[in-house]
There are 2 protein chains.
Amino acid sequence: MTNTISIAQFGLGPIGLESLKLAAAKPWANIVGAVDIDPAKIGKDLGDLTGDKNLKGRLVFRSVEDLTAHAKPRVVLHTTVSKFPAAFPQLETLARAGISVVSSCEELLFPQLLNLDLAAKLDTICRDHGARIIGTGVNPGFVMDVLPVCLTGVSRDVRSIKVQRVVNAATRRAPLQKKIGSGLPPEEFRRLFKEGRAGHAGLKESLALIAHCMNWKITDLVETGDAVIADHDIRTQFLEVKKGQTCGLHQYAEAKVNGKVCLTLDIKMYLDAPNPHDAIQIEGEPSLNVVVNGGVAGDHATVAALANTARRILNAPPGLLLMSDLSLPCWS
Amino acid sequence: MTNTISIAQFGLGPIGLESLKLAAAKPWANIVGAVDIDPAKIGKDLGDLTGDKNLKGRLVFRSVEDLTAHAKPRVVLHTTVSKFPAAFPQLETLARAGISVVSSCEELLFPQLLNLDLAAKLDTICRDHGARIIGTGVNPGFVMDVLPVCLTGVSRDVRSIKVQRVVNAATRRAPLQKKIGSGLPPEEFRRLFKEGRAGHAGLKESLALIAHCMNWKITDLVETGDAVIADHDIRTQFLEVKKGQTCGLHQYAEAKVNGKVCLTLDIKMYLDAPNPHDAIQIEGEPSLNVVVNGGVAGDHATVAALANTARRILNAPPGLLLMSDLSLPCWS
């Protein structure tokens, strides 16, 4: 518990900066540097970039190679992209250097779903070089997957799992308000969603992780998404939406096992959503009905999930890991 | 996942029989026998005792030595006593035979709290012989300890944790209705509680497990218990309680860290308790407010927790383990 862990941050966007600052505040962490591709950030001092004077003297490098020539982290907090194939070259370089990674990359929660071969390849590289890689966060990574799985730990039998999440996006950071389509004409949002350029990433991966843990073989997987349309003019800290425009999204995924719907995940993220909450219903023996009143706050919690996983991952065997491979989630 | 695990049941009381039957229904389990000290059960066929014909031919032995002379289980489900020192000789014999144990012994959730030396001794024996031992269940083992800890996995900071559990004991098995003092004059219940002969076992251990996970050093630990008094005549499936008699218990434990109350656990188990539920409040960043509507049903869930842990424990390193050492709870 008293050994410090050398940590670097890969990706210095809003989430990355918060993740870095949180890690820097942990008594068990020693920040050794960061990586970012933004020319405006390369070479900068992390003390200046974050306002945290304890980070003075730690620099931003343009690549993992440049970072490791200077200092070798044991764990990298990785916050760059949502898609696993886009993250792959970054992760591969880290794994080959024997560096473990805790990533917010949404598809990495269950990378086998869309890219089975690539996942197998990365798993082999991790095992060969003693590295552990995991994708986590609050969603995906906790509310709609890890927490429901945890609840089944006291189940004699599980027949179906339903999760609903309602997020009031007006309380969230600017990039999220944009990502959910705020201000777009509904048709435009629908087109972007179809093209995979708008919407919540990771819902199918949450579903696949639960199914994996339940040992359910999915026979059908359906995902739909639509715009939520503003029924009044809305003004947030960051933007304005006129009545009739998109003010958020309603996304839904369900999985069938042998023709029966066993898993449904339903997420609504929109501006001014009333009664934000997370609800989990497990039908089984016993059945369970769990509500997180107010919901688990997205941004704080995502950054926390990354930092809290950085120590735990080192106790797991090398490989491309899933949250169900690690010990019980815990504040660290 | 396809390898079967040879399992034996130690203790054939109501919970032990249910635990055995549940394990017997698992595709990954192969029941090899049972141990009980009741002369009326020794030598009996488990098929006859349980009514499960798949268990025909598996016998009840008087001791672990007799069992292992006949068949060696990899895991024993242990449901005999609540106190760790009473369980110790049984656990020691199993550990020395290299057999792993999942136990409902309440003090075993955090055996270091009351018996630090005995716990260290058992831990060494486990490591020397490749055995894993863990205490689990629904409470202690899940609702008031593991689940709150899991929720802190998305916390940047945790300042305090409060858990309330309200159980309608009228829906529970006869031994529990008796254990909570049903029908006793309140003074009699208070005397028995003081002597440690009535009440819910494991509340202090739940508290100690959370504190351990939060890395909080407890400076004060207080536990209180009182009778809940029937305000009307109550009749359950098993017994009758007159108005004015004890119909259950209200137990409370709190822990201070450096003078500040950081942990409070409050449990009410009484006949006809309205609105049974479990509630977890985490004060921190973000704060979390979680309610299990109806609560997690005790008996079903305890048996499920034992069976679901039997496979997971084998992936952990040998030793006297805590639930926070194992991977994410999961239906198995």
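Residues numbered from 1 in each chain as written. Chains lettered and ligands numbered in written order. Predicted model: local features only at pLDDT ≥ 70, side-chain atom pairs only at ≥ 80, totals over all residues.

1. So, the packing of helix H1 (residues 14-24) of chain B against helix H10 (residues 298-312) of chain B
Residue and element names in this part refer to chain B. Our working definition: All axes are obtained by fitting lines to C-alpha atoms, using only the stretch in contact for helices, and the reported angles, taken between N-to-C directions, cover 0 to 180 degrees. Each helix is a run of DSSP H or I of at least 4 residues and each strand a run of E of at least 2, with the numbering of both proceeding from the N terminus. Relative orientations are named as follows: roughly parallel for angles under 35 degrees, roughly antiparallel for angles over 145 degrees, roughly perpendicular for angles from 65 to 115 degrees, and oblique for any other angle. Helix crossings get a hand from a simple test, with the near helix turned counterclockwise from the far one by less than a right angle marking a left-handed crossing and a clockwise turn marking a right-handed one. Here the contact rule is simple: place C-beta atoms from the backbone, and any two residues whose C-beta atoms are within 7 Å are in contact. Amino acids are sorted into nonpolar (Ala, Val, Leu, Ile, Met, Phe, Trp, Tyr, Cys and Pro), charged (Asp, Glu, Lys and Arg) and polar (every other residue, Gly among them).
At a minimum axis separation of 9 Å, H1 and H10 run at an interaxial angle of 45 degrees. Classified by the interaxial angle, the pair formed by H1 and H10 is oblique. For the pair H1 and H10, the crossing hand works out as right-handed. Facing Ile 15, Glu 18, Ser 19, Leu 22 and Ala 23 of H1, the residues of H10 in contact are Thr 302, Val 303, Ala 304, Leu 306, Ala 307 and Ala 310. Residue classes in the contact of H1 with H10 are distributed as eight nonpolar, two polar and one charged.

2. Observations regarding the environment of Val 292 of chain B
Relative to the assigned elements, Val 292 of chain B resides in strand S14 (residues 288-293). Sequence spacing of Val 292 of chain B and Asp 278 of chain B is 14 residues, and the spatial spacing of their C-alpha atoms is 5.0 Å. The contacts of Val 292 of chain B, once residues within four sequence positions are left out, are Leu 288, Asn 289 and Val 290 of chain A together with His 277 and Asp 278 of chain B.

3. A short note on the sheet that holds strand S3 (residues 60-61) of chain A
Residue and element names in this part refer to chain A. The line we're drawing: Two strands are said to pair when DSSP picks up at least two bridges between them.
Sheet architecture is open: seven strands sit in the order S3-S2-S1-S4-S5-S6-S15, paired in parallel fashion. Single-partner strands in this sheet number two, and they are S3 and strand S15 (319-320). Relative to strand S4 (residues 75-78), strand S1 (residues 5-10) is paired through four bridges, and the arrangement is parallel. Across the sheet, the residue bridging to Ala 8 is Val 76, located in S4.

4. With respect to the relation of the copies chain B and chain A
Put simply, the rule reads: A least-squares superposition brings the copies together, and it is based on the C-alpha atoms of residues with pLDDT no lower than 70 in both.
Rotating chain B by 180 degrees about the axis while translating it 0.0 Å along that axis superimposes it on chain A, leaving an RMSD of 0.0 Å. Seen this way, the second copy is the image of the first under a two-fold rotation axis. Closest approach to the rotation axis among the C-alpha atoms of chain B is made by Ser 327 of chain B, whose C-alpha sits 1.9 Å away. Same-surface contact between copies: 98% of interface residues of chain B are shared with the interface of chain A.

5. Structural notes on the domain arrangement of chain A
Residue and element names in this part refer to chain A. In plain terms, the rule: Where each domain starts and ends comes from a domain assignment, either automatic or drawn from a database.
For chain A, the assigned domains read domain 1 (5-138 + 301-325) and domain 2 (146-294). Relative placement of domain 1 and domain 2: their C-alpha centres are 26 Å apart. Between domain 1 and domain 2, the residue contacts involve ten residues of the former and 13 residues of the latter. Across the side of domain 1 that touches domain 2, the residue classes break down as six nonpolar, two polar and two charged.

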